[in-house]
Amino acid sequence: MDRLSAQGAERLMNLHPMWQGPLAVPGGDRQSPIDIVVRKSVLDTELKPLKTTYDPKTCQQIWNNGYSFLVEYDDTTDKNTLKGGPLQDTFRLCQFHFHWGETNDWGSEHTVDRRLFPAELHLVHWNADRYSLFEEAVMEDNGLAVIGVFLKVGKRHEGLQKLVDALPTIRHKDSVVEFTCFDPGCLLPANTDDYWTYHGSLTTPPLTESVTWIVMKQHIEVSHDQLAVFRSLLFTSAEEEVQKSMVNNFRVQQPLRGRTVRSSFTPFLQGAPSAGGSK
Ligand SMILES: [Zn+2]
């Protein structure tokens, strides 16, 4: 084996199993995540405020799928909906999950002016006006709308704690426990009017380019200890000999390829010349 293929083999061995299948082949020109360059985002005054309606009683279970943990909701009726913002249709919540790093220095999938956050929340909704199932919507244009929220380390998040308390019961891959009465709205920042939006993809296989991304400008705060419980989860099932910590479960950034990131708010330009300064 020459040096190059040896490196390739090593990379494959370090790669999480999810990235080794045929569906993990990179797709087209609208892949996610991306770096949001604030200066290049374009204000769109047509963008409306987001409208979320969530019913905590429709929460069903938490599942360690071997890559993250998914909090899943009953999506057979319009109990949890997202509309407004950049969306024309009504989208239904099916699950939310997080991506995080092994330290507090990185972990988010999206970045803002190259700034990394320790974790990122994704609330996954599918277009219930046009499609009848998540599985159908995921393959289609305009099928999904995902809200992304950055997590920063600071004070303890009271709403998140109920979830954190349940995580030790799903440490291993493939474990599922019943989880009821959780309001996903408690994980949204206080201000949801300010966001960036762009057309992109799922950040896990099948990587389909079916996602309208809505990335919140305002982050939420969680404590270091709460994130430490995320990191105590495992990528591996109980039977596996070598156990692997569930950390760094984010996809590498993808090129923008001519796409425009729109913002619902006037960007505050850090380090930009103040009014009256040269242009
Ligand atoms: Zn995600």
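Coordinates for the structure precede this section.
Described below are features of the structure shown in this document. Because the structure is predicted, anything quoted here is derived from the model rather than measured. (Residues numbered from 1 in each chain as written. Predicted model: local features only at pLDDT ≥ 70, side-chain atom pairs only at ≥ 80, totals over all residues.)

### Focus: the pairing of strand β6 (residues 81-84)
And step 1. Sheet topology places strand β3 (residues 50-53) next to β6; 4 bridges connect them, and they run antiparallel. Opposite T52, over in β6, you have L82 as the bridge partner.
And step 2. Note that β6 and strand β7 (residues 91-100) share 2 bridges and pair antiparallel. Paired with L82 across the two strands is F91, which belongs to β7.
And step 3. Joining the antiparallel neighbours β6 and β7 is a turn of 6 residues, in which G85 adopts a positive phi near 60°. (Pairing = 2+ DSSP bridges. Helix = DSSP H or I, 4+ residues; strand = E, 2+ residues; numbered from the N terminus.)

### Structural notes on the environment of V164
And step 1. Mapped onto the secondary structure, V164 falls in helix α3 (residues 158-166).
And step 2. Sequence separation between V164 and F230 is 66 residues, and the spatial gap between their C-alpha atoms is 7.5 Å.
And step 3. Those residues in contact with V164 that sit more than four places away from it in its chain are Q226 and V229. (Contact = placed C-beta atoms within 7 Å.)

### A word on the nonpolar core
In summary, soluble globular proteins display a tendency toward joint burial of nonpolar side chains.
And step 1. Of all hydrophobic cores here, the largest spans 60 residues; its most connected members are V146 and V149.
And step 2. At 7 residues, strand β10 (residues 144-153) tops the list of elements feeding residues into this core.
And step 3. In this structure, V149 is in contact with E120, L121, L187, L188, P189, M216, H219 and I220, ignoring residues within four places of it in sequence. (Core = buried A, V, L, I, M, F, W, Y, C linked by C-beta atoms within 7 Å. Buried ≥ 20, exposed ≤ 12 C-beta atoms within 10 Å, placed from the backbone.)

### Let's talk about unusual backbone geometry
And step 1. Put simply, S32 and P33 share a cis peptide bond, and its omega is 0°.
And step 2. Here P33 shows up in the loop between α1 (3-14) and β1 (35-36).
And step 3. Of note, the bond from P205 into P206 is cis; its omega dihedral lies within 30 degrees of zero at 15°.
And step 4. The residue P206 is located in the loop between β12 (195-200) and β13 (211-216) in this model.
And step 5. Positive phi is not limited to glycine here, since D113 has a value of about 50°.
And step 6. Within the secondary structure, D113 is located in the loop between β8 (111-112) and β9 (119-127).
And step 7. The backbone phi angle of R114 is positive, close to 70°, even though this residue is not glycine.
And step 8. Locating R114 in the fold gives a position in the loop between β8 and β9.
And step 9. C-beta crowding within 10 Å serves as the criterion here: with 9 such atoms nearby, R114 is assigned to the exposed category.

Take it as geometry only, folks, not as evidence of what the structure does.
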